[in-house]
Amino acid sequence: MRRIDVSLITQKVAELFESVNYKLSDDVSKALRNASEKEESALGRRVLSSLCENMDVAENEQIPICQDTGMAVVFLEIGQEVELVGGYIEDAVNEGVRKAYEEGYLRKSVVNDPLERINTKDNTPAIIHERIVKGDKVKITVAPKGFGSENMSRLFMLKPAQGVEGVKDAVLETVKAAGPNACPPFVIGVGIGGDFEKAALMAKHALTREIGSKNEKEEINSLEEELLSSINSLGIGPAGLGGSTTALAVFIETYPTHIAGLPVAVNMCCHVSRHRSAVIGED
Amino acid sequence: MEIKINLPTTKEEIIKLKCGDFVSISGEIYVARDAAHKRLMELIKEGRPLPINLENEAIYYMGPSPARPGRIIGSAGPTTSSRMDFAAPTLLDMGLLVMIGKGKRSPEVHEAIKRNGAVYFAAIGGAGALISKSIESSEIVCYEDLGAEAIRRLTVKDFPVVVAIDSGGRDIYG
Ligand code: SF4
């Protein structure tokens, strides 16, 4: 057993949320800079170079990359040989979010209730996804999520007979509808299989993958590549003003499903695709 | 080619702008988003006066991140305009001339833009840090209780936008 004080989790959560809102992970910033060299439209290049300049201003002058610093999504992978002490883990995570959004001058974008809609003023509660895994470590992944792109996400309950063509149509239909609203170039998370909520969760989790990394399953890797190239020929382009860079990546996760179903979830994310991880318990 | 305009302006100036033009905005603009639009529409429905005069004015759909001490504002990029489509036609009919945001608008907003000789500008979504450099002053006008959603008055200098829908109804998003 390894004992971990939850105050350490508070501290890590706070650091990760604050830092990722000022500086994108290297894979995303590299993808944006590469795209600005390859973009075919002059207007598209102009937008992409503004986005690169925006990243520099954010980092150098400590201004959040985007004013929508997101709802705080947290993935926790907790080793089953870990004993958490010093308080309740979800309280610790929320305390970390509170600290990051208050001390880091991040926008508080969360309301207490979907219908009453009073701002909680500290960006809590977070959306916490916990998983018990093997081992004696805790892995924290934070992914603040803006709602311009979240609002354009979709869930489809396809028929098994629709197969891979149905999946492609679902993704392309979602991307076309998202258009300029979701701040292209996008990163697109897709969950295929499982059930209703599993598909959505896979789509969200897929967004935390590193741009440039390959899918372990070869056929899914080719599907990702095929979708990326179809999406980039839609012409939506940077900021939706036209061009050849509509998406930076398509990431797919799959899971076994029921004989009667083919769930497909498409979680749209903008170019401000924020994710950062830390592991507690690494010696 | 880049066109410079000073806001507030007049209908005569706005109708010269064409879809796809690059425009660099200086002057004064209002800021309002979802919750403020909801309140404005409630006042209009009840027949009560609005806290701001919309005649020839501009509204930027935006909710900034907090300013660090000594700074004017935090990150300040556009939010998705379509969420304000429920209110835009009414506000345009009341004299609003300029809207700034990102993304597509409804057929009703298109019609109201044409009817009133107004314009809809797109700013670059997700470039909030860069855009904040064009903001020279920011003051809360009303609805301070809404936090990031309060109505503000900004002074901007060379705020870069593109004409997304011109007064003739031509739309850059097709
Ligand atoms: S969709 Fe992304 S880039 Fe666009 S405003 Fe929201 S968080 Fe910012």
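In the block above lies the structure referred to throughout.
Let me begin by describing the structure that accompanies this report. Predicted, not measured: the structure shown is a model, and the values here were computed from it.

### A look at the pattern of salt bridges
All names here are of chain A. Under the defined criterion, the tally for this structure stands at 33 salt bridges over all chains. With its nearest N and O atoms 2.7 Å apart, the salt bridge here joins Arg98 to Asp122. Of this pair, Arg98 sits in helix α4 (residues 89-103) while Asp122 sits in the loop between α4 and β4 (127-133), placing them 24 residues apart in sequence. Judged by its relative accessible area of 27%, Arg98 is partly exposed.

### Some details on helix α1 (residues 6-22) of chain A
For an α-helix, the turn length of 3.6 residues means that residues three or four places apart are oriented alike. Between the first and last C-alpha of α1(A) there are 25 Å, a value that for 17 residues agrees with the 24 Å anticipated at 1.5 Å per step. Looking at α1(A), one finds that the buried residues are Val6(A), Ile9(A), Thr10(A), Val13(A), Ala14(A), Leu16(A), Phe17(A), Val20(A), Asn21(A) and Tyr22(A).

### Re the nonpolar core
Core analysis: the biggest nonpolar cluster contains 93 residues, and Ile25(B), Ile100(B), Phe121(B) and Phe159(B) have the highest contact counts within it. If one sorts the elements of this core by residue count, strand β7 (residues 151-165) of chain B sits on top with nine residues. In contact with Phe159(B), other than residues within four places in its own chain, are Val23(B), Ser24(B), Ile25(B), Ile29(B), Tyr60(B), Ile100(B), Ala123(B), Ile131(B) and Ser134(B). Of all hydrophobic cores here, the second largest spans 28 residues; its members include Ile4(A), Phe17(A), Val20(A) and Ala92(A).

### A word on the site of the ligand
Around the ligand sit Cys66(A), Gln67(A), Asp68(A), Gly146(A), Gly148(A), Ser149(A), Cys183(A), Cys270(A), Val272(A), Arg274(A), Lys102(B) and Gly126(B), and that is every residue in its neighbourhood. Positioned at a junction of chains, the ligand has nearby residues supplied by chains A and B. No fewer than three residues from each of domain 1 (2-20 + 65-144) and domain 2 (147-269) of chain A sit in the shell around the ligand.

Conventions and cut-offs
Residues numbered from 1 in each chain as written. Chains lettered and ligands numbered in written order. Predicted model: local features only at pLDDT ≥ 70, side-chain atom pairs only at ≥ 80, totals over all residues. Heavy atoms only, no water. Salt bridge = Lys/Arg side-chain N within 4 Å of Asp/Glu carboxyl O. Helix = DSSP H or I, 4+ residues; strand = E, 2+ residues; numbered from the N terminus. Buried < 20%, exposed > 50% of the residue type's maximum accessible area, 1.4 Å probe, protein only. Expected span 1.5 Å × (residues − 1). Core = buried A, V, L, I, M, F, W, Y, C linked by side-chain atoms within 4.5 Å. Contact = heavy atoms within 4.5 Å. Near = heavy atom within 4 Å. Domains from an automatic or database assignment.

From the geometry alone we can't say anything about function, so treat these as descriptive.
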